[in-house]
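What follows is the residue order along each chain.
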Amino acid sequence: QVQLVESGGGLVQVGGSLTLSCAASGSIFSMKAMAWYRQAPGNERELVASVTTGGSTNYADSVKGRFTISRDFAKNTVSLQMNSLKPEDTAVYYCNAGVVMHRGWGTDVFWGQGTQVTVSS
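Residues numbered from 1 in each chain as written. Predicted model: local features only at pLDDT ≥ 70, side-chain atom pairs only at ≥ 80, totals over all residues. Heavy atoms only, no water.

Asker: How would you explain the overall build of the protein chain if you had to name every residue and give the values?
Answerer: Of regular secondary structure, the protein chain possesses 0 helices and 11 strands. When the helices and strands of the protein chain are read in sequence order from the N terminus, they spell out β-β-β-β-β-β-β-β-β-β-β. Taking 14 Å as the expected radius of gyration for a compact globule of 121 residues, we find that the protein chain reaches 14 Å, a close match to that expectation. Across the 121 residues of the protein chain, 40% fall into the buried class. Counted over contacts in the protein chain with a minimum sequence separation of 6, partners at least 24 positions apart contribute 56%. Summing over all exposed atoms, the protein chain offers an accessible surface of approximately 6200 Å²; the carbon and sulfur share of this is 48%. (Helix = DSSP H or I, 4+ residues; strand = E, 2+ residues; numbered from the N terminus. Rg over C-alpha atoms; globule rule 2.2 N^0.38 Å. Buried < 20%, exposed > 50% of the residue type's maximum accessible area, 1.4 Å probe, protein only. Contact = heavy atoms within 4.5 Å. Areas by Shrake-Rupley, 256 points an atom, 1.4 Å probe, with all protein chains shown as cover.)

Have a look at this one:
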């Protein structure tokens, strides 16, 4: 199995910054794309940002210019630097990763347990 453990959530004021981190561990042969999703109460889970094995990034329009995703390939970690936070960024943030657990296997998708980010006005 593979575990994704997130950290870094919390309460921050409007305009503040937070950095989320996610570390993958377990049976990992290779990592594929990694991403951050979020889900606010009453809303569907949505993609916030993703980064491929080649380092290409993709962002939701609502966070472009404010959030930055990065990954450490050696450590199997992914981070999300969030600046200029707004109340509408309040949500549970989930780490997501595609993982090949053994040579010759396909890609399985794993999720972290989620970390709460609350932006207060």
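Asker: I'd like a rundown of the pattern of salt bridges, residues and numbers included.
Answerer: One pass over the full model with this rule turns up 4 salt bridges. With its nearest N and O atoms 3.0 Å apart, the salt bridge here joins arginine 38 to aspartate 89. Highlighted residues: arginine 38 in strand S4 (residues 30–39) and aspartate 89 in the loop between strand S8 (77–82) and strand S9 (91–100), separated in sequence by 51 residues. We note that arginine 38, like aspartate 89, is buried. The shortest N-O distance in the salt bridge between aspartate 61 and lysine 64 comes to 3.1 Å. (Salt bridge = Lys/Arg side-chain N within 4 Å of Asp/Glu carboxyl O.)

Asker: Break down the packing of aromatic side chains for me, with residues and values.
Answerer: How two aromatic rings sit relative to each other is given by the distance of their centres and the angle of their planes. Tallying each qualifying case throughout the model produces 1 aromatic pair. Lying across the ring of tyrosine 94, arginine 45 places its NZ or CZ 3.7 Å from the centre. (Phe/Tyr/Trp six-rings, centres within 6.5 Å; stacked < 30°, edge-to-face > 60°. Lys NZ or Arg CZ within 6 Å of the ring centre and 35° of its normal.)

Asker: Pulling in residues and values, what's your account of the state of the cysteines?
Answerer: Across all of its chains, the model carries 1 disulfide by this definition. The partner cysteine of cysteine 22 in its disulfide is cysteine 95, sulfur to sulfur 2.1 Å. Residues cysteine 22 and cysteine 95 are joined by a disulfide whose S-S torsion is about -80 degrees; by sign, that bridge is left-handed. Taken together, the positions of cysteine 22 in strand S3 (residues 18–26) and cysteine 95 in strand S9 put the pair 73 residues apart, joining distant regions of the chain. Just as cysteine 22 is buried, cysteine 95 falls in that class too. (Disulfide = S-S within 2.5 Å.)

Asker: How would you sum up the sheet that holds strand S1 (residues 2–7)? Please name residues and give values.
Answerer: An order of S1-S3-S8-S7 is seen for the 4 strands of this open sheet, with the pairing classed as antiparallel. With partners counted over all chains shown, the strands left at the sheet margins are S1 and strand S7 (67–72), one partner each. Ignoring which end each strand starts from, the neighbouring axes of this sheet average 15 degrees apart. As judged from the 6 bridges shared by S1 and S3, these two strands associate in the antiparallel manner. In the strand pairing of S3, leucine 4 is matched with alanine 24. (Pairing = 2+ DSSP bridges. Axes fitted to C-alpha atoms, helices over the stretch in contact; angles between N-to-C directions.)

Asker: Can you lay out the pairing of strand S5 (residues 46–51) for me, pointing to particular residues and giving the numbers?
Answerer: In the sheet, S4 pairs with S5 via 5 bridges, with the strands oriented antiparallel. Residue pairing for S5: alanine 35 is matched across the bridge by serine 50. Connecting the antiparallel pair S4 and S5 is a turn made up of 6 residues, with glycine 42 showing a positive phi of about 85 degrees. Two strands pair when backbone bridges link them, and S5 and strand S6 (residues 57–59) are joined in this way by 3 bridges, in the antiparallel orientation. For valine 51, the partnering residue across the bridge sits in S6 and is threonine 57. Between S5 and S6, which pair antiparallel and follow one another directly, the connecting turn spans 5 residues, one of which, glycine 55, has a positive phi of 90 degrees.

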